[in-house]
Every structure is written in structure tokens, then in C-alpha cells.
Amino acid sequence: MNRTIAAVIGVIAALLAISGEATEPWRRHNIVVDRNVQAKMRDGVTLYADVYRPADPGRYPALLMRTPYNKAESAGAFVIGAVKRGYVVALQDVRGQFASEGSFNPYLQEVNDGHDTIEWLAAQPYVNGKVGTFGLSYPGAVQWMTATTRPPHLVAMAPAMTFANARHFIHHGGIFVSPILNWLMQRQVKERRQRGLAYPSIEEIRKAVGEHREEWLMHLPLRDLPVMKDFQVWRDWIDHADNGPYWAPYEIEAQHGQVEVPALNFTGWNDDDYGQPGAIRNFTGMRSRGGSEAARRGQRLVIGPWTHGAPTLDRTTFGGVDFGPNAGFDYSETLLRYFDYWLKGIDEGYTREAPVRYFVMGDNVWREERDWPPPATKYTDLLLAADGALQWSPPAGDATARFVSDPRNPIRLPGDGLIYTSGPRSADWRIVTARRDVALFMSEPLERDMEITGQIVARVWIASTAPDTDISMRILDMAPDGTLRNFTVAPGMLRARYRSTEREAAPAPLTPNRPVELEINLGYTSYVVRAGHRLQVYIGGSVFPYVHPNTWEPFRSWSQAVPATQTVHLGARYPSRIVVPVLPRQ
């Protein structure tokens, strides 16, 4: 009997040695690095990857990150920790970036290239056929775009801080996010150098953008900006202002039924503004419409207080606010526990964890839920009323508030003055609220703490003298000393021709001076407004550099720009309001 048991143990040990998939928690692999490993795409273009793998012979599950940010500089703590834990990790330069061949066509190229790379990696002699993907920002987006093609060997993915559709990313409420120029130019360095064009290095681009950004972003027409005239993607993004077939590959939400694998959706309340709707909408959409039972049941959502980038255990201050020790986070371990379950079948309590974890700013604690939004959420109307009042009860009568929006004097936000500032911070929002060309509304001091968790949406009735115009809004936390904080990162902008940021309509002109209801996303958050504080809302026009001329025609000359009188309608007939997701206090 003892010899039989010994033989069985020997067979099991041999099989483990062959597979290379160690289950012993004490085992730590030495690492072999294969540089610039070639992967041929279906059109013959070669992409290059650095492959980090255990030195012990065997076949291991693989993790893949595809990046435009230089694979040679991407092997951080997570990569080393993953290999020591028994994974092969491949870091690949996407097409047209750094070592890889081809021309860079952002996002669209990743649909097929990602599929081909996953299947190439799964076929390597040191991989056991199971592939997971990971990455943050652009490397997060490529995972979703690839997953829609159903790569046979893709098992699970961990897309962090990325979008769910282009209308919360490249266009916000129909408004082109022109500061993406800086990012796009830096991705063109290789092609600029090859073609002998201006600004052939990242350093030169950063310096030039710093010196010329206002001049460049206010150039008319923007599509003909000289520094971008040799790149079709710039013109395509601007020319396709309306939602339609061009944006279909970016519409991850519309393709959830084609995605058949679990996803760890990850973002921060102070992440770039596409991160929260990206993670939340992908999580909820996949749970209801995912292409397989494993995909629907395997969704996870984690939202911390972080800005854009991988969080660490020792960083707790974001957007100028220290959120305390609970804000520290072991991102690498979170990913590895997730992949251990899906790629290795190791369940050390993973399946007993709640699918949703989110951080409550103000209380500075983590909460767990079975679903999103939290089931106890009470969507409560905060109504705009006469004399700048903001109240929880219906206004006594009808009223209006007016302001004039002049494109030649756009709103400039605090911070860098170029784009929205991220999350609660010390920036002085009074530079906006003190302007004469905004309508202000303010609540009475809160009698008790209020937790706001979820998406805040404005539904406002506005009449304009213009056939089209931009409306911008923010909801702010006003402390007793008058300090103002923004507690969402959403830009709160809408081009009125589209009527809604959430259910975009076909573009249609406004009828001058006729009220129309506009729906504007004011962002996602989990934030505690303290007793004695007030809520303040402002409504204004164009925000620099997203300036609109208040005309229907394309903006080609500053001579087109005209002031427009905007009238906010209030009261029972036109109930302008902010829908606030309130959670009862524990």
C-alpha cells in the first residue's frame, strides 16, 4: 500500500513538474526574459513583445499587455511578481509604436491585432493555452476591443481605467475633446521621425504643446490644424461629430453580447472622466448582456479614490486630498488573485468576495455590494428654483434664470485652465461661480451628513436664442467657509443639438426661445457631504478650449461667433432638477 501511495505521489509530482503550474505557495520562479519576440499579424505586419517567463521548464498560463507606451519600460512589480507566481507575461508594443512595425491607427487596429496576438501567445511552447489580459488606460481599451472577436484562448481580462463608448471619451456630449491632441502627437513620434515631420520626439512635443497649446486648440477650423495635417485620424475624429457607424468599434457597450469572458473592471473616482462610466457601464452591461454565463457571472467592479494610474499601498493622497490609510491598495495582488482563480483554478476565498467594492470619499472606508448601483440607492430630485434656490421640495411657482454665453469669453476652469480638474481638491472654483455669465443655485445647509453614491444626472429646461449652443454644469460641495470642491470628474458638457449625454438623439437645431429638456451627465461618485455644507450648481456656456460659436454651421471662423442668451426654466411646468443618488446613512 505504501509503495502504491508513493507511486501515485510520484506521478502527481511529475505531472506538476511537466505542467510548471506550481500550487505550492512557497515556490518562487527564477525569470527568463526573451526580448523582441516576433508575432506575425494576419496582414503580414510583425509586432514585437518582451516575454518574461519562469526559468523552470513547463507550460504556464500567460498574461498579455499590449501597449503604445513602450514595452521596454513596462515591466514593473506586477510583471515580476506574476512570473514568480508561475505565469508567462508578454508585453507587446502595439502596431506603429516603438519596436513594432506598421502605422499607428489608434484603437481600430487593436481589434484584429489583439486577437492574433492572443492566439500567437497561446501557441508558444511554454504556454498551456490559457491567456489572460491586463493593462490600464489604452492597454485597458485594447482588451475590450479584442474580446469582442472571441479569441478562443482568451480566458479572462482585467481592463482598468478605460472607456465603454467614444461618447464619454473622444466626444463628450457631442463635444470633441481637443486636448487629446497632446496624447495623439506623442503617439506619432515614430511616424514623424520616419517621414521627416516636425516634432519627432516626445520631448519636443511636450515643449511645443506647452508653448502653443492655446494657439493650437483654438485654431480654426480645428481639423486643418497645421501640425496635424498629415494625420487622417485627427480629421476623422473631428469630422465624425455625430454618433454613427464610424464609432461602432469603440462602442463596447453595444458589443457586450460578443464578449464571452469575465472582466475585472477597475477605476478611481478621481480617474480621468471616461474611467468611471467605462468601468461601471461595462460591469452592469456585461452582467446583463454578456455573451456567456461565465462572462455574466464573472464580472467584478473595484472603484477607489485614485487618479489615473495604478494605485499603490503607500499612496493615499489624490486630487489634493489625503483619503487615509484605507486608500492604499495592492493592485498587483488584486490582479493576481483574480487570475489565479480564472487561469489556475485557485480559490482562496475569491468566490466568497462581493462582486463590487467601492471607496466612500469622506468616510474614507471601503464598502462591498452584490450589485451596482447599490440596491438601497434613493434617486432624489434636487430642484432648481427662483432666486438661485436649490431645494428638495417642488418650487412654489414658475420662474426663469438668464445668462449670456459669449464664445469669445469661454469659461476657464480652475487648475490648468485647459481641461476639467480631477476630483475633490483645493482648486478655487469661485473663479467660475463668480462670473456674471453663469446661473447659480445653492441649497440650504444640510442638517445631517449625506452620502451620494452613483451617477448624478441633470435634467434642465433651457431656451436659447441660438440654433445650437453648448451648456456646461457642475455640482459642488460648499463648506461653511465658502470653499468649493468638485466631487465628480465629469466635464458636465452637452452640445444642445444632441439633447442628452446619456441617450443621444439625432442632431436637431433648437427652436429659438423655446424650452427644451437637456440631460447632462454630472458624473459618478461616492462622496459624503457633511452637515452644515451646502450643494451649489452652476450652469454656463462653452468651456475653454471646447468653444462653440452658438451657430448651427461648422465652426470655421471666429467671425461666426455670436453671444446667445440662455434661459433656464424653473418650476412645475419645466421642472429643472438634479437627480442625486442618495444612500441612507448606516
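Residues numbered from 1 in each chain as written. Predicted model: local features only at pLDDT ≥ 70, side-chain atom pairs only at ≥ 80, totals over all residues. Heavy atoms only, no water.

**Some thoughts on helix α11 (residues 331-344)**
(1) Moving on: Taking 1.5 Å of rise per residue, 14 residues should cover 20 Å, and α11 covers 19 Å from first to last C-alpha, within 8% of that figure.
(2) Moving on: For α11, every residue scored as buried is listed here: Tyr-331, Leu-335, Leu-336, Tyr-338, Phe-339, Asp-340, Leu-343 and Lys-344.
(3) Moving on: Buried-residue contacts for α11 involve β3 (60-67), α2 (77-84), β5 (127-136), β6 (154-160) and β9 (264-270).
(4) Moving on: Backbone geometry just after α11 places Gly-345 at a positive phi near 75°. (Helix = DSSP H or I, 4+ residues; strand = E, 2+ residues; numbered from the N terminus. Expected span 1.5 Å × (residues − 1). Buried < 20%, exposed > 50% of the residue type's maximum accessible area, 1.4 Å probe, protein only. Contact = heavy atoms within 4.5 Å.)

**As for the packing of aromatic side chains**
(1) Moving on: Taken as a whole and assessed by the stated rule, the structure comprises 34 aromatic pairs.
(2) Moving on: On the numbers, 4.8 Å between centres and 90° between planes, the contact of Tyr-246 with Trp-247 is edge-to-face.
(3) Moving on: Taking the relative accessible area as the measure of exposure, Tyr-246 reaches 19% and is therefore buried.
(4) Moving on: You can call Trp-247 buried: its relative accessible area is 0%.
(5) Moving on: Through a chain of ring-to-ring contacts, three or more aromatic side chains come together here, namely Phe-104, Tyr-107, Tyr-138, Phe-163, Phe-169, Trp-183, Tyr-246, Trp-247, Tyr-250 and Tyr-274.
(6) Moving on: The ring of Tyr-498 is capped by Arg-167, whose NZ or CZ atom sits 5.7 Å from the centre of that ring.
(7) Moving on: Its guanidinium or amino end placed over the ring of Phe-231, Arg-195 lies 5.4 Å from that ring's centre, counting from NZ or CZ. (Phe/Tyr/Trp six-rings, centres within 6.5 Å; stacked < 30°, edge-to-face > 60°. Lys NZ or Arg CZ within 6 Å of the ring centre and 35° of its normal.)

**With respect to the nonpolar core**
(1) Moving on: The biggest cluster of nonpolar side chains holds 85 residues, and the ones touching the most others in it are Val-89, Phe-134, Phe-339, Met-473, Ile-539 and Ile-578.
(2) Moving on: Per-element accounting of this core gives the leading share, 8 residues, to strand β23 (residues 516-529).
(3) Moving on: Contact partners of Ile-578, with chain neighbours within four places excluded, come to Thr-380, Asp-381, Leu-382, Leu-384, Ile-456, Val-457, Ala-458, Met-473, Ile-475, Leu-522 and Val-537.
(4) Moving on: In terms of nonpolar packing, the next biggest core, distinct from the first, is built from 67 residues, Tyr-138, Phe-176, Val-227 and Val-233 among them. (Core = buried A, V, L, I, M, F, W, Y, C linked by side-chain atoms within 4.5 Å.)

**Thoughts on empty space enclosed by the protein**
Any space left empty among the atoms is revealed by the rolling of a water-sized probe across them.
(1) Moving on: Per the stated rule, a full pass over the model turns up 6 cavities of 30 Å³ or more.
(2) Moving on: As a volume, the largest cavity reaches approximately 90 Å³.
(3) Moving on: His-168, His-172, Ala-490, Pro-491 and Asn-521 are the residues nearest the centre of the largest cavity, which is lined by 15 residues in total.
(4) Moving on: If you list the elements that add at least two residues to the lining of the largest cavity, you get α9 (275-289) and β23.
(5) Moving on: Here the element with the most residues in the lining of the largest cavity is β23; it accounts for 3 residues.
(6) Moving on: A volume near 60 Å³ is recorded for the second largest cavity.
(7) Moving on: Among the secondary structure elements, those contributing two or more residues to the lining of the second largest cavity are β3, α3 (110-122), β5 and α4 (138-147).
(8) Moving on: Examining the composition of the lining of the second largest cavity, we find that 4 residues originate from one element, α4, more than from any other.
(9) Moving on: Of the residues belonging to the lining of the second largest cavity, the class tally is 6 nonpolar, 4 polar and 1 charged. (1 Å grid on protein atoms, 1.4 Å probe; cavity = no way out; pocket = protein on both sides within 12 Å on 5 of 7 lines; lining within 4 Å. Points joined across faces, edges and corners; volume = space filled by probe spheres on them. Nonpolar A, V, L, I, M, F, W, Y, C, P; charged D, E, K, R; others polar.)

**Notes on the pairing of strand β18 (residues 439-442)**
(1) Moving on: Along β18, the buried face is formed by Ala-439 and Phe-441; none of Leu-440 and Met-442, which line the opposite face, is buried.
(2) Moving on: Across 4 bridges, the pairing between β18 and strand β24 (residues 534-540) is antiparallel. Opposite Leu-440, over in β24, you have Tyr-538 as the bridge partner. (Pairing = 2+ DSSP bridges.)

**So, unusual backbone geometry**
(1) Moving on: In this structure, Pro-221 follows Leu-220 across a cis peptide bond, with omega equal to -15°.
(2) Moving on: Along the polypeptide, Pro-221 turns up in the loop between α7 (202-217) and α8 (232-239).
(3) Moving on: With an omega of 0°, the peptide bond running from Phe-544 to Pro-545 counts as cis.
(4) Moving on: Here Pro-545 shows up in the loop between β24 and β25 (564-570).

**Structural notes on α9**
(1) Moving on: Across its 15 residues, α9 extends 20 Å between first and last C-alpha, which sits within 8% of the 21 Å expected from 1.5 Å per residue.
(2) Moving on: Counting buried positions over the 15 residues of α9 gives 11, a clear majority of the element.
(3) Moving on: Along α9, the residues classified as buried are Gly-275, Gln-276, Pro-277, Gly-278, Ala-279, Ile-280, Arg-281, Asn-282, Phe-283, Gly-285 and Met-286.

**Examining the pattern of salt bridges**
(1) Moving on: Going through the model one piece at a time under the given rule, you end up with 42 salt bridges.
(2) Moving on: Across the salt bridge formed by Arg-42 and Asp-116, the nearest N and O atoms sit 2.7 Å from each other. Note that Arg-42 is positioned in the loop between β1 (31-40) and β2 (46-54) and Asp-116 in helix α3, a separation of 74 residues in sequence.
(3) Moving on: A salt bridge links Arg-85 to Glu-333; the shortest N-O distance between them is 2.9 Å. Linking Arg-85 in the loop between α2 and β4 (88-93) with Glu-333 in helix α11, this pair joins segments that are 248 residues apart in sequence.
(4) Moving on: The structure contains a network of salt bridges with shared partners spanning Asp-363, Arg-367, Asp-449, Glu-451, Arg-530 and Arg-585. (Salt bridge = Lys/Arg side-chain N within 4 Å of Asp/Glu carboxyl O.)

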